[in-house]
Amino acid sequence: ASAAYSQSRRVESVPVTVPPPAPEIAPQPGAVRAPRLDAITGLRWWAAFAVFGFHVMVFAPLPGPIARILEFGDYGVAFFFVLSGFVLTWSSRPNLPLRTFYWRRFARIYPLHFVTLLLAIPVFYSFFPDPEQWWVKPFSVGILLLSFLLLQGWSRDPAILFSGNPAAWTLTVEFFFYAVHPFVQRVLGRFSMRGALWFAAAICALALTQRVVIIFDPWGAFAQLPWPLLRVNEFLLGMALAWAFRCGWRPRIRPLVPLVLIGAWCAAIAVLEHYAVGSAAFLAVAGFTPAVMTILFGLMIVATSSRELAGKAGWMRFKPLVALGEWSFAFYLIHATFIYIALSIFGLQTASWMNLGWYAVLLAVALAGAAA
């Protein structure tokens, strides 16, 4: 027993070397799957709703300043383009095969495009169009084939650009963005957070320079470039901001700030248009609006995403709002078809506040179609 006790004491007295804890290594931006951002999914709905308000005016205009406010709704498309670049980059995975990426993009876009195109053709085409129905075009297999293949957006001719389902010209732009995204992502993936922010600043400068060129030469060759090329800065800005975000950038900006700035810019245009249309101030503000909106949309997306990751998204993650955001793409593609069906049946309505009833009815019908 004494020997055993002595042996146990010798074992206890042997110093035990405990290895130091491994240093905590920050995950690489592309190595960890990014969390879902429901708040910016909800933002999709507001952009789609703005486009809806812009389009309903061709059927049931509202009186007074509200009509001018609704005219800014077409900038919802620019928001979609910035958001597309942000979401694709935020959710990107470095090991995803290129073929898989393209197949998923095709599956996300094309089936819904095909269905809504079939629904739109009887509304927007006829073998014997009525001249009074300016939105109905003569049936053309060649032009519809371009729409079927999503090539119509490479033309600036309205008969081709808005062929098939008029809203689908944006899908040509999106398909171009999808085509270039993996290659831009490879370059962007080498950037640090600071490098991504410098890239975003360069895109903003490019957007502003582009507007200067167009203001001074509105009918020049540059201004007539196809929309996929002219709108690529919106997509690239979204990509750059998303990569900076994945690298750890968290701007402490409340989403209310870019929202107020957007409202103030639109109000400035409306006031200048009413009191100083044609002035240098009006031309400057109105001319730079596309670039300014692009920048403010990017700011709103990162501000909203920062709030969500900090657990402060609140009502922006409200489940019905997120569901509307998930339906927003279908809603965008189908809402104009219902609006022009109403226009063909009931005719153009006189500007009146009573037209809000039409807004409610068409919104409900388009939402039901989008959900289906």
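The model shown is predicted, which means the values in this text are computed figures rather than measured ones.

Procedures and definitions
Residues numbered from 1 in each chain as written. Predicted model: local features only at pLDDT ≥ 70, side-chain atom pairs only at ≥ 80, totals over all residues. Heavy atoms only, no water. Helix = DSSP H or I, 4+ residues; strand = E, 2+ residues; numbered from the N terminus. Buried < 20%, exposed > 50% of the residue type's maximum accessible area, 1.4 Å probe, protein only. Contact = heavy atoms within 4.5 Å. Lys, Arg positive; Asp, Glu negative; His and termini not counted. Charge placed at Lys NZ, Arg CZ, Asp CG, Glu CD. Patch = residues over 30% accessible without salt bridge, like charges linked within 9 Å, V, L, I, M, F, W, Y side chains within 5 Å. Areas by Shrake-Rupley, 256 points an atom, 1.4 Å probe, with all protein chains shown as cover. Salt bridge = Lys/Arg side-chain N within 4 Å of Asp/Glu carboxyl O. Axes fitted to C-alpha atoms, helices over the stretch in contact; angles between N-to-C directions. Parallel < 35°, antiparallel > 145°, perpendicular 65-115°, else oblique. Nonpolar A, V, L, I, M, F, W, Y, C, P; charged D, E, K, R; others polar. Core = buried A, V, L, I, M, F, W, Y, C linked by side-chain atoms within 4.5 Å. Expected span 1.5 Å × (residues − 1).

1. Points about the overall build of the protein
Across its full length, the protein carries 16 helices and two strands. Taken along the three principal axes of its C-alpha coordinates, the protein extends 115 × 45 × 40 Å. Put simply, the protein has 372 residues, and 43% of those count as buried. Expressed as a percentage of contacts within the protein between residues at least 6 apart in sequence, the contacts between residues at least 24 apart total 79%. With 26 positive and 14 negative side-chain charges, the protein shows a separation of 15 Å between the mean positions of the two kinds.

2. A short note on a nonpolar patch on the surface
Among the surface-exposed residues, Phe114, Val115, Leu118, Leu119, Leu145, Phe148, Leu149, Leu151, Trp154 and Leu229 lie close enough to one another that they form a single nonpolar patch of about 870 Å² accessible area. Ranked by residue count, the leading element in the nonpolar patch is helix α5 (residues 98-124), at four residues. Here valine 115 is to be found in helix α5. Look at valine 115 and you get partly exposed, because its relative accessible area is 45%.

3. Things to note about unusual backbone geometry
Positive phi, close to 60°, is recorded for leucine 150, a residue that is not glycine. By the element assignment, leucine 150 lies in the loop between α6 (141-148) and α7 (158-161). Leucine 150 gets classed as buried once you look at its relative accessible area, which sits at 3%.

4. Remarks on the packing of helix α2 (residues 38-56) against helix α14 (residues 289-309)
One way to put it is that α2 packs onto α14 with a least axis distance of 8 Å and a crossing angle of 140°. Comparing the axis directions of α2 and α14 gives the class oblique. Residue-level contacts link Asp38, Ala39, Ile40 and Leu43 of α2 to Met300, Ile301, Thr304, Ser305 and Glu308 of α14. Here the residues of the contact of α2 with α14 are counted per class, giving five nonpolar, two polar and two charged.

5. Some points on the pattern of salt bridges
Under the defined criterion, the tally for this structure stands at seven salt bridges. Where glutamate 308 meets arginine 317, a salt bridge forms, and the shortest distance between an N and an O atom there is 3.2 Å. The class of glutamate 308 is buried, set by a relative accessible area of 7%. Among the charged side chains, a network of salt bridges with common partners joins Arg36, Asp38, Glu308, Arg317 and Glu326.

6. Considerations on the nonpolar core
By size, the foremost hydrophobic cluster in this structure holds 93 residues, and its most contacted members are Phe86, Phe331, Tyr332 and Tyr359. When residues in this core are grouped by element, the largest group, 12 residues, is from helix α15 (residues 319-346). Those residues in contact with phenylalanine 86, other than ones at most four positions away along the chain, are Leu37, Ile40, Gly238, Met239, Leu241, Ala242, Phe245, Ile301, Val302 and Ser305.

7. A look at helix α11 (residues 232-246)
A rise of 1.5 Å per residue sets the reference length of α11, with its 15 residues, at 21 Å; its end C-alpha atoms lie 21 Å apart and thus fit the reference within 8%. The buried fraction of α11 is high, at 14 of 15 residues. Taken from the residues just after α11, glycine 248 is the one with a positive phi, measuring 115°.

Worth remembering: the numbers are spatial, not functional.
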